[in-house]
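Coordinate analysis (summary)
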Amino acid sequence: MRAAKALAWLATLLYPLAIWLGLAHFEPRWLALGLLAMALLRAAVSREAVWLAAAACAGGLVVASMLSNDGLPLKLYPVLVNAAFLVVFATSLRRPPTVIERLARLQHPDLPPDAIPYLRQVTKAWCAFFVFNGGVALYTALHASDAAWALYNGLIAYGLIAAMFLGERLVRPRHGH
């Protein structure tokens, strides 16, 4: 199961590169089968409702791509992934503990109560990030070249995610956590 999870994450990370290269050599309808396989793998290894829903939505993108033989539905998958993360993080704000609190408790099971408001703020920051990143992913899918779409979604977005992680690590000591 660990290998399947690693494969699902690797496929997700390499998806923009695969689509960019694939669109240059194959019809979109055939690339859609790869998206379907990846979404089903992700849903199978996580078995979480949000990833099952994302797999169903990816199935819609696959059908749209196969029927139209257009690459646009394939380029919308990063938008879908950002939306799924946004739902998970935003839902945790309404039904604590937040995602960030759960992750923090993996390292520090006895978090002090005064850490919770800070962790809520970090969760809100990630929600804002997913809105921004999903918006840029949507813009690049609709208005940018395939190469620019792949550059943003396959490299720049990952750099921004790393910057969010590092930025939070730098800010955390200022909040006493």
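Heads up: these notes are all about the structure in this document.

About the thresholds
Residues numbered from 1 in each chain as written. Predicted model: local features only at pLDDT ≥ 70, side-chain atom pairs only at ≥ 80, totals over all residues. Heavy atoms only, no water. Helix = DSSP H or I, 4+ residues; strand = E, 2+ residues; numbered from the N terminus. Expected span 1.5 Å × (residues − 1). Buried < 20%, exposed > 50% of the residue type's maximum accessible area, 1.4 Å probe, protein only. Phe/Tyr/Trp six-rings, centres within 6.5 Å; stacked < 30°, edge-to-face > 60°. Lys NZ or Arg CZ within 6 Å of the ring centre and 35° of its normal. Bend = angle between axes of the 7 residues up to and from the residue. Contact = heavy atoms within 4.5 Å.

The end-to-end C-alpha distance of helix α5 (residues 77–94), which contains 18 residues, comes to 26 Å, matching closely the 26 Å that a straight helix rising 1.5 Å per residue would cover. Among all positions in α5, only Y77, P78, L80, V81, N82, A84, F89, S92 and L93 are buried.

With that out of the way, let us pick up the packing of aromatic side chains. For any pair of aromatic rings, geometry is given as the distance between the ring centres together with the angle between the planes. A complete count under the given rule lists ten aromatic pairs for this structure. A centroid spacing of 5.4 Å and a plane angle of 80 degrees characterise the contact between W51 and F85, whose relative ring orientation is edge-to-face. Taken together, the positions of W51 in helix α3 (residues 49–68) and F85 in helix α5 put the pair 34 residues apart, joining distant regions of the chain. Overall, W51 belongs to the buried group, its relative accessible area being 9%. Ring centres 5.7 Å apart and planes at 35 degrees place the aromatic pair W126 and F130 in the tilted group. Of the two residues, W126 and F130 both sit in helix α7 (residues 116–143), four residues apart, roughly one turn of that helix. One exposure class covers both W126 and F130, and it is buried. A connected cluster of aromatic rings, assembled from ring pairs, spans W9, W51, F85, F89, W126, F129, F130 and F165. Here the guanidinium or amino end of R42 rests over the ring plane of W9, the centre of that ring lying 4.2 Å away.

Turning our attention to helix α1 (residues 2–23). For α1, with 22 residues, the first-to-last C-alpha span of 30 Å sits near the 32 Å given by 1.5 Å per residue. Where α1 bends most, at L14, the angle is about 50 degrees, and the proline P16 comes one to four residues later. The inward-facing, buried residues of α1 abut α2 (28–46), α4 (72–75), α5 and α8 (146–171).

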